[in-house]
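Per-entry structural report
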Number of protein chains: 2
Amino acid sequence: MTPTDKSADGLDVVRQLRAVSTELDLLAAGFAQRNGLHPTDLRALVCLLDAARARTPVTPGSLGARLGLNSAGTTSLVDRLERLGHVRRTRDPRDRRRVLLEVDERAVALGEAYFGPLIAQVADAAAQLAEPELAAVRRFLASVLEGVTARREDG
Amino acid sequence: MTPTDKSADGLDVVRQLRAVSTELDLLAAGFAQRNGLHPTDLRALVCLLDAARARTPVTPGSLGARLGLNSAGTTSLVDRLERLGHVRRTRDPRDRRRVLLEVDERAVALGEAYFGPLIAQVADAAAQLAEPELAAVRRFLASVLEGVTARREDG
DNA sequence: CGATTCGCCTCGCTGAGCGAGATATCGTCG
DNA sequence: CGACGATATCTCGCTCAGCGAGGCGAATCG
């Protein structure tokens, strides 16, 4: 790449990506606040909805691990979500030490109200690209994801 | 859109974008924790570094507004950053009510240690695309940014 | 069956961030 | 110039998310 060609070194793309990322964070924070949720609660709901779609059972332990919380913090997180009616606690009949978390339909609706329009907008942006262009976007994003993940894992 | 054509409806791009966003958040959180910073502190440093590069003066008030903090919370945030030596308080000679925040060189170095490799990786990912492809990525990201920003503003 | 491990919860505490209000400075209008 | 309201920041007291330590029932291993 030529140092004089500013549009070809990808730095503007870096800026765009960062702007998108921070705007998404702000959007999420605003949504959380409007719904009486803390950022952690929203992240927890996202995990729960992902798991529900994948038919994967979630326990306080697995949720806390994924969010980086200790067991005490996880308990109070689940307490909050349960108090708001987003989640129910059920004893696992196979292993009665475990508690299974079931997301309420209201939480699913809430999640769709949040992600739905967002998904539609991104999908729409993607739909305005020709197929080979879309393929390039996919390759670029996959590459970024790989890089970020790799950086996160070693530190 | 036809549910059977999974590659053309852009949903996979949505998933990629979300994955990138959450990975970036996790990376930031890990970096913050390793450096004794809270997520808010890191966001504040990002704002300060951006402003420093743009030669824009920053006051506790403007910083708090940008981060969505109360004046009391802003004061304690600046106290923390000052205690860690990342920032210095200076009275504005033109308006002695105001306090100007100056970032320390250590904070700049810290920021570059964090953003540098990340920027390099994204720029590298961009460099592996042909020019028309890169243009498509730019258009896509601009479109996503516009959509997200618009959604955030009305709510 | 004990002994150990595992999963979750309770208790007490630290500290980020909020609301209310105090303090100092600035701009303005008589 | 002096009084007054606006503005920028800070202080005080509080709430509550999350941590560390420890407890208790359930599973597993010897």
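In this report, the structure presented in the accompanying data block is examined. Small disclaimer: the values here were computed from a predicted structure and weren't measured. Residue indices follow the written sequence of each chain, beginning from 1 at its first position. Just so you know, chain letters begin at A and ligand numbers begin at 1, following the order they were written in. In keeping with the predicted nature of the model, local features appear solely for residues at pLDDT of at least 70, side-chain atom pairs appear and are counted solely at 80 or more, and the whole-chain, interface and lining totals rest on all residues. Think of the side-chain values as coming from all heavy atoms in the structure, minus any hydrogens and water.

1. Focus: the overall build of chain A
As a reminder of what qualifies: What counts as a helix is a DSSP run of H or I of at least four residues, what counts as a strand is a run of E of at least two, and both are numbered from the N terminus. When a residue's accessible area, from a 1.4 Å probe over protein chains only, is under 20% of the maximum for its type it is buried; when over 50% it is exposed; and in between it is partly exposed. Throughout, a residue-residue contact means that at least one pair of heavy atoms, one from each residue, lies within 4.5 Å. Note on areas: Shrake-Rupley, 1.4 Å probe, and residue coverage restricted to the protein chains presented here. Lys and Arg are tallied as positive, Asp and Glu as negative. Neither His nor the chain termini are counted. Charge coordinates come from a single atom per side chain, which is NZ of Lys, CZ of Arg, CG of Asp or CD of Glu.
When helices and strands are counted, chain A shows six helices and two strands. Reading chain A from its N end, one meets helices and strands in the order α-α-α-α-β-β-α-α. When each of the 155 residues of chain A is scored for burial, the buried share is 40%. Counting only contacts in chain A whose residues sit at least 6 apart along the sequence, the fraction spanning at least 24 positions is 46%. When the accessible surface of chain A is summed, it comes to about 8700 Å², and 54% of that surface belongs to carbon and sulfur atoms. Positive and negative side-chain charges in chain A, numbering 22 and 21 respectively, have mean positions lying 7 Å apart.

2. Observations concerning the interface of chain A and chain B
The cut-off we apply is this: Once two parts are brought into contact, the accessible area they lose, counted with a 1.4 Å probe and summed over both, makes up the buried area. By definition, a salt bridge exists where a carboxyl oxygen of Asp or Glu is found within 4 Å of a side-chain nitrogen of Lys or Arg. Contacts described as polar in this section are N or O atom pairs within 3.5 Å, which, within protein, must combine one atom able to donate a hydrogen with one able to accept it, while residues neighboring in sequence count only if both atoms come from side chains.
Between chain A and chain B, the residue contacts involve 51 residues of the former and 52 residues of the latter. In this assembly, chain A packs against chain B so that about 5100 Å² is buried in total across both faces, 67% of it on carbon and sulfur atoms. In this structure, the connection of chain A to chain B is made through eight salt bridges. Among the ionic pairs, A:Arg139 bridges to B:Glu133, the shortest N-O distance being 2.8 Å. For the pair chain A and chain B, the interface holds 10 residue pairs in polar contact (both at pLDDT 80 or more). Of all the secondary structure elements, the ones that give two or more residues to the side of chain A that touches chain B are helix 1 (11-34), helix 2 (39-53), helix 5 (105-127) and helix 6 (131-154) of chain A. Take the side of chain A that touches chain B: its biggest share by element is 17 residues, from helix 6 of chain A.

3. Observations concerning the environment of B:Ser21
Relative to the helices and strands, B:Ser21 is located in helix 1 (residues 11-34). Put simply, B:Ser21 and B:Val78 are 57 residues apart on the chain and 27 Å apart in space, counted from C-alpha to C-alpha. Residues contacting B:Ser21, with those up to four places away along its chain left out, are A:Leu24 and A:Asp25.

4. Some thoughts on the relation of the copies chain A and chain B
Let me state the cut-off plainly: A least-squares fit on C-alpha atoms brings the copies together, and the residues used are those whose pLDDT is at least 70 in both copies.
Note on the copies: chain A fits chain B at an RMSD of 0.1 Å, the axial shift is 0.1 Å, and the rotation between them is 180°. As the rotation angle and translation indicate, the two copies are arranged about a two-fold axis. When the interface residues of chain A are mapped onto chain B, 100% of them again lie at the interface, so the same face is used by both copies.

5. So, the environment of B:Phe31
Residues and elements named next belong to chain B. Considering the arrangement of structural elements, one finds Phe 31 in helix 1. Take Phe 31: its relative accessible area is 10%, and that puts it in the buried class. C-alpha of Phe 31 to C-alpha of Leu 42: the two residues are 11 residues apart in sequence and 8.8 Å apart in space. Aside from chain neighbours lying at most four places away, what touches Phe 31 is Leu 42, Leu 110 and Tyr 114.

6. Some words on the protein's contact with DNA strand C
So the rule is basically this: Throughout this document, a residue counts as near a molecule or strand when at least one of its heavy atoms sits within 4 Å of that molecule or strand.
Lining the immediate environment of DNA strand C, one finds 21 residues, of which A:Gly61, A:Ser71, A:Arg89, B:Thr40 and B:Arg97 sit closest. Of all DNA strand C atoms lying within 4 Å of any protein atom, the proportion belonging to sugar or phosphate reaches 70%. Between DNA strand C and A:Arg97 there is a distance of 3.2 Å, counted from a sugar or linking oxygen to a side-chain nitrogen or oxygen. One of the side-chain nitrogen or oxygen atoms of B:His38 is found 3.0 Å away from a phosphate oxygen of DNA strand C. Going through the elements one at a time, helix 3 (60-67) and helix 4 (71-83) of chain A together with helix 4 (71-83) of chain B are the ones with two or more residues in the surface near DNA strand C.

7. What about the nonpolar core?
Keep this limit in mind: By nonpolar core we mean a set of buried residues, namely Ala, Val, Leu, Ile, Met, Phe, Trp, Tyr and Cys, connected to one another through side-chain atoms within 4.5 Å. Where each domain begins and ends follows an automated or database-derived domain assignment.
Judged by nonpolar contacts, the single largest core of 82 residues is most densely connected at A:Leu63, A:Phe140, B:Leu63 and B:Phe140. Counting residues domain by domain, this core receives three or more from each of domain 1 (37-103) and domain 2 (112-155) of chain B. Once you skip the residues sitting within four places of it in the chain, B:Leu63 turns out to touch B:Ala44, B:Cys47, B:Val58, B:Leu77, B:Val78 and B:Leu101.

8. Some words on the protein's contact with DNA strand D
In the vicinity of DNA strand D there are 21 residues, among which A:Thr40, A:Arg96, B:Gly61, B:Ser71 and B:Arg89 approach most closely. One nitrogen or oxygen atom from the side chain of A:His38 is found 2.9 Å from a phosphate oxygen belonging to DNA strand D. Between DNA strand D and the protein, one listed contact pairs a phosphate oxygen with a backbone N or O atom of A:Asn70 at 3.0 Å.

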